[in-house]
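Coordinates in review
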Amino acid sequence: MKDIIEKLKNEGQEHLLPILNDLSEEDRNYLVSQLKSIDWNSLKLWKNPEDLSGKGKVQPIKGLSLNDIQNQSDMYMQIGKEAIKNGKVGAVLLAGGQGTRLGSDAPKGTYDIGLTKPLYIFEQLISNLLNVCKKCDTFVPLFIMTSEKNDKDTKDFFEQHNYFGYPKSHVRFFVQEMAPSVDFNGKLLLEEKAKLALSPNGNGGWYSSLENADVLKDFPELEWLNVFAVDNVLQRIADPIFIGATIASGLNSGAKVVRKCSPSERVGVLCLEDGLPSVIEYYELTDEMANQIGDDGNLAYSFGVILNYLFNLPKLREIASERIPVHIVKKKIPHLDDNGNLVKPEQENGYKFETLILDMIKLMGSCLPFEVEREKEFAPIKNKTGVDSVESARELLKKNGINL
Ligand code: UTP
């Protein structure tokens, strides 16, 4: 107890001392155990964020255009199907996020996007995966990442809906780690009297959490993991052509990309940084770079990432101990106010600490950009209305012949 009191004083968290004093022994022990597991070095970053802006030498990256893919599609399909049939490919659904922009407390995948009948996001994703399974006459192991906040609800939902026809034997859930949140002055926030306000630690933690859960061993043939976001309902999962192309390229990873629709589109682009593949944010591109035209007549920096990556598992194991940068993200964080009342803020009120999957691409050492048609494969649901919303995704689903 003495240690933790000293620590709180040294770390500028004295506001928690009277709270600790006020708690029953059981509650105090719980809060102390939470405080003991804090990575204080990351927490300090709110004041002096890691310098993530210092980019190396940025250059365009070569990738496969729609045309290139079309020309070799039979070969890629064959290689991809073979890998899937041989159990070499697993799918990882990232569903640990809180979907705060959508504004629902339930797991995002349980959101009903149907019009004349229920159609849940999870259901649509499973249906997309089942299409591939049918083609390959086998089931792809599916790993679903949840967080402490939504693990039970997610599992219950899958049970209630009988896994939407997917065999339970091929599904494994794993829980990502949590990180504390602070207010704009770096003070740790509480969500209950004896409980820190914790939130999922970002989608960059997926691989370490997956290994910690020790579920990969159930599928010993695995060599590739296709990782994707919960919110793109047109997502093609374990797409044999993408898998075949990445394997044929001999590279360590692949990324599905869409062409930017304008130089100023706000999307992260895949490029080379000091010779390594890297995703850079739209605001990190100078005007000149954003407008630069490449040899093929397209924008030189035009590969927008859509959070659908293929990772080589042996390579992931090799880079497992490398550090991945921590991003400090402003968010609306429910917390107890000074009077002990729970506040659900309308505005951003503090920082969360997250690692991002896109930072793993550089660590992988090589990556194949694989172009896909936006209208056919990219319908993200981030917001309730407007851009990247339930409404826009519904329109795109309809265009692709999906009955709502
Ligand atoms: P987003 O960046 O859209 O974050 O996640 P979010 O938390 O879902 O939504 P907002 O920003 O609060 O509205 C992109 C993908 O990464 C997953 C999400 O579930 C989604 O599939 N993710 C995000 C995690 O699995 N864990 C996290 O900690 C964060």
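Structure report, in brief. Fair warning: this is a prediction, and the values are worked out from it, not measured in the lab.

Within a regular beta strand, the side chains point alternately toward one face of the sheet and then the other, so they alternate between its two faces. Burial analysis of strand β11 (residues 253-259) places seven of its seven residues in the buried class, the great majority of the element. Burial of the side chains of β11 extends over both faces: Ser253, Ala255, Val257 and Arg259 are buried on one face and Gly254, Lys256 and Val258 on the other. Two strands pair when backbone bridges link them, and β11 and strand β19 (residues 368-371) are joined in this way by four bridges, in the parallel orientation. By the bridge assignment, valine 257 is partnered in β19 with glutamate 371.

On to the sheet that holds strand β18 (residues 350-354). Read from one edge of the open sheet, three strands run β6-β18-β15, paired in antiparallel fashion. With one partner strand each, in any of the chains shown, β6 (182-183) and β15 (327-331) form the two edges of the open sheet. With five bridges joining them, β15 and β18 adopt antiparallel strand pairing. Within β18, the residue paired with valine 329 across the bridge is lysine 352.

The next point concerns helix α15 (residues 390-399). Those residues of α15 lying buried are Val390, Ala393, Arg394, Leu396 and Leu397. Down the axis of α15, the sector holding all buried residues measures 165°, keeping them to one side. Packed against the buried residues of α15 are α7 (121-136) and α14 (374-377). Two residues or fewer after α15 comes glycine 401, characterised by a positive phi angle close to 80°.

The next subject is the site of the ligand. Near the ligand there are 20 residues, and of these Leu94, Thr100, Arg101, Gln176 and Lys382 occur at the shortest range. Interatomic distance of 2.9 Å between a backbone N/O atom of glycine 96 and an oxygen atom of the ligand. In this structure, an oxygen atom belonging to the ligand sits 2.8 Å away from a main-chain N or O atom of glycine 202. About the coverage of the ligand: the protein hides 89% of its 570 Å² of free accessible area. Here the residues of the shell around the ligand are counted per class, giving seven nonpolar, nine polar and four charged.

Ranked by size, the top nonpolar core spans 58 residues in total, and within it Leu93, Ile113, Leu142, Tyr166 and Ala238 carry the most contacts. Looking at this core element by element, the count peaks at nine residues for α7. Among all residues touching leucine 93, those that are not within four sequence positions of it are Phe122, Leu125, Leu142, Phe143, Ile144, Met145, Phe228, Ala229 and Val230. Of all hydrophobic cores here, the second largest spans 36 residues; its members include Phe174, Leu216, Val227 and Cys367.

Our focus in this paragraph is helix α10 (residues 240-249). The element α10 is extensively covered by neighbouring structure, given that seven of its 10 residues are classed as buried. Taken together, the buried positions of α10 are Pro240, Ile241, Phe242, Ile243, Gly244, Ala245 and Thr246. With a side-chain oxygen positioned 3.0 Å from the backbone nitrogen of isoleucine 241, the residue opening α10 is aspartate 239. Positioned one or two residues after α10, glycine 250 has a phi angle of 75°, which is positive.

To continue, consider the pattern of salt bridges. All told, the structure shown has 27 salt bridges when counted by the stated rule. Ionic pairing is found between arginine 259 and glutamate 371, a salt bridge with its closest N-O pair at 3.2 Å. Taken together, the residues arginine 259 in strand β11 and glutamate 371 in strand β19 connect sequence positions 112 residues apart. You can call glutamate 371 buried: its relative accessible area is 8%. Linked through salt bridges whose partners overlap, the residues forming this network are Arg172, Asp214, Lys217 and Asp218.

How each quantity is defined
Residues numbered from 1 in each chain as written. Predicted model: local features only at pLDDT ≥ 70, side-chain atom pairs only at ≥ 80, totals over all residues. Heavy atoms only, no water. Buried < 20%, exposed > 50% of the residue type's maximum accessible area, 1.4 Å probe, protein only. Helix = DSSP H or I, 4+ residues; strand = E, 2+ residues; numbered from the N terminus. Pairing = 2+ DSSP bridges. Arc of directions from axis to C-beta. Contact = heavy atoms within 4.5 Å. Near = heavy atom within 4 Å. Polar contact = N/O pair within 3.5 Å; in protein donor to acceptor, adjacent residues only side chain to side chain. Areas by Shrake-Rupley, 256 points an atom, 1.4 Å probe, with all protein chains shown as cover. Nonpolar A, V, L, I, M, F, W, Y, C, P; charged D, E, K, R; others polar. Core = buried A, V, L, I, M, F, W, Y, C linked by side-chain atoms within 4.5 Å. Salt bridge = Lys/Arg side-chain N within 4 Å of Asp/Glu carboxyl O.

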